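Here is what each chain is made of, one letter per residue.
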Amino acid sequence: MAAQVELCCLESFPSHLSPLDVLMLKSHLDSVFQHDTDPPIVRFTPQRLHGSGRPGILLRVHPTTAEETAGCGGAQSGGRLRLFTSRLFMRLHGLQRLGSTGTVRALEPLSLDRVVLGARSRQSLRWAGAEQFTRGLLELCRPGQWLLARCGEPLLLPRHPLLGEDPGQVQQQLLELLVLDCSPVTQGRITANTSLVLTDCWDPVDTPGSAPPCRPLRLCVSDFAQYADGLGGGRSLLDNRKFLASGLSGVLQAPECRLDVRVVDVGRWLGVRGQRGAPVDVDSCVLVSKQLLLRLGLFNHEWVRLSRPGGASRPATGQAEVGGVRERLVSVQVVDLTQSPDLQNQDEAGFISETLWFNMTGGDEIPEKSCTLRIKRWKPSPPAPGEQRSDSFCRSASPPLASELHVQPVASPLYNNLSCCDNLLSEHFSTPRLVSQGDILTVPAENHPDLLENNSEGIHRCPVLFFRVQKVCPSAERREEEGEEGGGGGAHLADRLHTSLYMGASTNSPVPCCCVDGASLWSSLSPPGLSRTAELLGSIIVPHLHRSSSLSGCTVLLHGPAGSGKVTAVSAASRRLNLHLLKVDCVSVCADTPAASEAKLSSVFQRADALQPCVLLLRNLQLLLRPRGGAEEDGRVQAALCQLLHSAPSRVAVVATVCRPRDLSAGVMAAFVHQVALESPTEEQRRSMLASLSRDLHLGRDVNLERLSKLTAGFVLGDLSALLVEAGRSACRRLIHTCGGRQEEDLCCSGVTILNQDFTSALEILQDAQSTAIGAPKIPAVHWEDVGGLQQVKKEILDTVQLPLQRPELLSLGLNRTGLLLYGPPGTGKTLLAKAVATECSMTFLSVKGPELINMYVGQSEENIREVFNRARSAAPCVVFFDELDSLAPSRGRSGDSGGVMDSRINKV
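As the structure is a prediction and not an experimental result, all values here were calculated from the model.

Rules behind the numbers
Residues numbered from 1 in each chain as written. Predicted model: local features only at pLDDT ≥ 70, side-chain atom pairs only at ≥ 80, totals over all residues. Heavy atoms only, no water. Helix = DSSP H or I, 4+ residues; strand = E, 2+ residues; numbered from the N terminus. Buried < 20%, exposed > 50% of the residue type's maximum accessible area, 1.4 Å probe, protein only. Contact = heavy atoms within 4.5 Å. Areas by Shrake-Rupley, 256 points an atom, 1.4 Å probe, with all protein chains shown as cover. 1 Å grid on protein atoms, 1.4 Å probe; cavity = no way out; pocket = protein on both sides within 12 Å on 5 of 7 lines; lining within 4 Å. Points joined across faces, edges and corners; volume = space filled by probe spheres on them. Nonpolar A, V, L, I, M, F, W, Y, C, P; charged D, E, K, R; others polar. Pairing = 2+ DSSP bridges. Axes fitted to C-alpha atoms, helices over the stretch in contact; angles between N-to-C directions. Salt bridge = Lys/Arg side-chain N within 4 Å of Asp/Glu carboxyl O. Disulfide = S-S within 2.5 Å. Core = buried A, V, L, I, M, F, W, Y, C linked by side-chain atoms within 4.5 Å.

Caption draft 1: Layout of the overall build of the chain. Helix and strand counts for the chain stand at 29 helices and 34 strands. Here the chain, with 909 residues, has 47% of them falling under the buried criterion. For the chain, long-range pairs separated by at least 24 residues make up 79% of all intrachain contacts whose partners lie at least 6 apart in sequence. Total accessible area on the chain stands at roughly 45000 Å², and carbon and sulfur atoms take up 50% of it.

Structural data, given as structure tokens:
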């Protein structure tokens, strides 16, 4: 039974317990968790991890009293039970923000067979290797005690006199002992039978509980002061007493400075709090580290102007414009970057949301890396006559409040029903939001049940709703004061207490993408291995959008092997250009009659016309044009498709995907202006794909992705994804076999480590499935040791086949051969040699007998030969073994046919 809980951090956690344990009121502990273990062991799953596939956190729950937790409020909050934790626990798991919630479920932990500990210092290595630590650990592992270990965390033990007399010193030593590896699962119970391996781990990264070394304080001159000092051209501002006597107003109003900014997914900082603990609108903030805030010389929550130096974006009405550059009013907000591993080395960069970038640049393409923006101090409206203000008044000032806000819902393929938008908008504006005319508002839908839709791809959950700001009306007392220099340049704050919200008619507009730094390969702007294709598609679509009057509609035919990532590349290109993506599987367009198919196809293009600017993606186009009856019926759908493609609006880019272009007729091929081929990924691309797909998986230390990328030659993105899934299944089977009698769910909750043997087993399964799919026969494992003699022949084969695979750089030098011709009497080992090549080189083996390809119909034999090479190309690297080739391609002129059929077949070979 699972229970909803909320975490609450205690100022003083009991010292006799491990800082990684939690507390719960005894009355709730007895009523909720009926468990045999004492203390109970539960699995806590944070709310942000639901659906991510990551295992929860195993915890020991100790009873406590209301008096010990009096400083954290009641025992329940909103129907949830409260778990009381230490500060170290919250910081270690990235749960520092207030209101961290999740679920807990009783779970009996697995016993660990092996634990590898890494000492971060020489002192901790000597301490953990001493007999005193061993005796204390054995005492804590006695029956009735539950000692938990989790991979990647410090080994924090409860207080015990055998570990040392000074508790503070013992905890400091334990903080420097990191659990590097656990088996057979990633978290479980240490028992007396657990093998403990101690090694050194000189990691320069600070331990979670260690404080940074103290440094002498020094004067920090901000970038603004440096800039103003450079404008003076004389003595330094810090040495100019006359300037300092003026109250530093010149420094506080220094013109500008430059800042490197990255566009990231700011969802990780939704719990950041602003002044007086109020929530922060992250779509109107530039998020910086504390060190960067100090270097800039700004105050936290201070409002500044942000713009692109030399930008040429056309500002919307009411937006400030200086020299052709659109400026945006934003608030500077400090965030903790230590909880984001991908941003650890970005202390000198600021971070903004994709929505802020879209509204500031007018929908420009998001840069892959950081870009330089200009920051200017914001000067509020001039003071009223007789009003006295300090030089630092702008640090506490904020934009004016709007009395009315008029918005329009933006048409999007993500949603159709907007009946619940009133509640979502009310919740969205419970936090003051900065709005300007022409802005696009991104309102989180939080998977609202009224927005669930069932389509061909399953149940679709709408992540966000988009609204366009039509008009912003300031309050009556501010209308006369507002100007270009004051009032935020047309920007106002809107909330549900001071602003009346009016909903207008639906409108069309590009929208910011929902995810930019891609939690996964499927939602990335630059998917590994497909970034060039996405960039090429973007370069094809952009001219048609910007020069709609002079260019016709954009039609692209994207072809590549099944599972090669065609839809992923199109999705990345549409997100880069901030375009809607309407995905239509042509299976859903097919109907019983050509007239019905034509009507469905017309409705699809009408839907795309209502969503422009958008990308219309027609998947598996060959299924729509597949022959079903007479030629007249097939021609009707084809003619309708060509007509719709020629008449498509210029702001609707039509992209169709097929596996093989030859499945389409010449007329349909001519209707597409552009054709893009998606080839099989290279070894480097496969390695980057594997790294991205396995980012959230716990891989064993014996897994080498570079070696896997070499063994998966010929695999496409779909095959690599299937490889990881099959490797996970193999790991689960191995774990079930090892830990017999335990439920599969409990084993998976404890964390599964995927080892190299799991990938080897999965690779064999997929290669067998691929050989079966292309019709390759199952060959026995034949090695070079099984072939007697023929040393010269084996050397020639190795130089031709195996050497280019092991040394691919030789191919760039032109040292390659098209193949080998083995000739000799029957029984001399020609077929055996071919099987040995396929086994030793880990290649697919296609055995083709010459007479099987010969057909009585003219042209069919040539088609059979083409199909053989297409199958080999899709299974590359592959060995194509033509047995009895003389029957398929005899000497010219000896066939005796007058029509030259045999010569045509020889030419095709």
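Caption draft 2: Geometry of empty space enclosed by the protein. Inspection of the entire model under this criterion finds four cavities of 30 Å³ or more. Approximately 170 Å³ is the volume attributed to the largest cavity. Surrounding the largest cavity, 18 residues form its lining, Leu-20, Leu-58, Leu-148, Ala-149 and Glu-153 being those nearest its centre. When residues of the lining of the largest cavity are traced back to their parent elements, those giving at least two are β4 (57–64) and β9 (147–150). The greatest single-element share of the lining of the largest cavity, amounting to four residues, is contributed by β4. Split by residue class, the lining of the largest cavity holds 11 nonpolar, three polar and four charged.

Caption draft 3: Molecular detail of the sheet that holds strand β25 (residues 464–474). Within the open sheet, the four strands sit side by side as β22-β25-β20-β27. Their pairing is mixed. Two strands in the sheet have a free side with no partner beyond their single neighbour: β22 (440–444) and β27 (500–503). Averaged over all neighbouring strand pairs, the angle between strand axes comes to 35°, with direction disregarded. For β22 and β25, the ladder comprises five bridges, and the chain directions are antiparallel. Bridge pairing in β25 links Thr-442 to Phe-466. The sheet strands contacting helix α11 (residues 421–428) are β22, β25 and β27, and the helix crosses β22 at an angle near 100°.

Caption draft 4: Examining the pattern of salt bridges more closely. Tallying each qualifying case throughout the model produces 17 salt bridges. Taking the shortest distance from any N to any O, the salt bridge between Arg-135 and Glu-131 comes out at 3.6 Å. With a gap of four residues between them, Arg-135 and Glu-131 both fall in helix α4 (residues 131–140), about one helical turn apart. One salt bridge in this structure joins Glu-327 and Lys-376, with 3.9 Å as the shortest N-O distance. On the criterion of sequence distance, the pair formed by Glu-327 in strand β17 (residues 325–334) and Lys-376 in strand β19 (residues 371–377) is long-range, its members being 49 residues apart. On the basis of relative accessibility, which here comes to 24%, the residue Lys-376 falls in the partly exposed class. The network of salt bridges with common partners includes Arg-305, Glu-327 and Lys-376.

Caption draft 5: Region of interest: the state of the cysteines. In total, this model carries zero disulfides according to the counting rule given. Left unpaired, Cys-586 is separated from the closest cysteine sulfur, that of Cys-590, by 6.9 Å.

Caption draft 6: Expanded view of the nonpolar core. The biggest cluster of nonpolar side chains holds 89 residues, and the ones touching the most others in it are Phe-133 and Leu-157. At eight residues, the largest contribution of residues to this core is made by helix α21 (residues 717–738). In this structure Phe-133 touches Trp-127, Ala-128, Leu-155, Leu-157, Leu-163, Leu-174, Leu-177 and Leu-196, once residues within four positions along its chain are discounted. Counting 32 residues, the second largest nonpolar core, distinct from the first, contains Cys-614, Leu-618, Leu-621 and Met-669.

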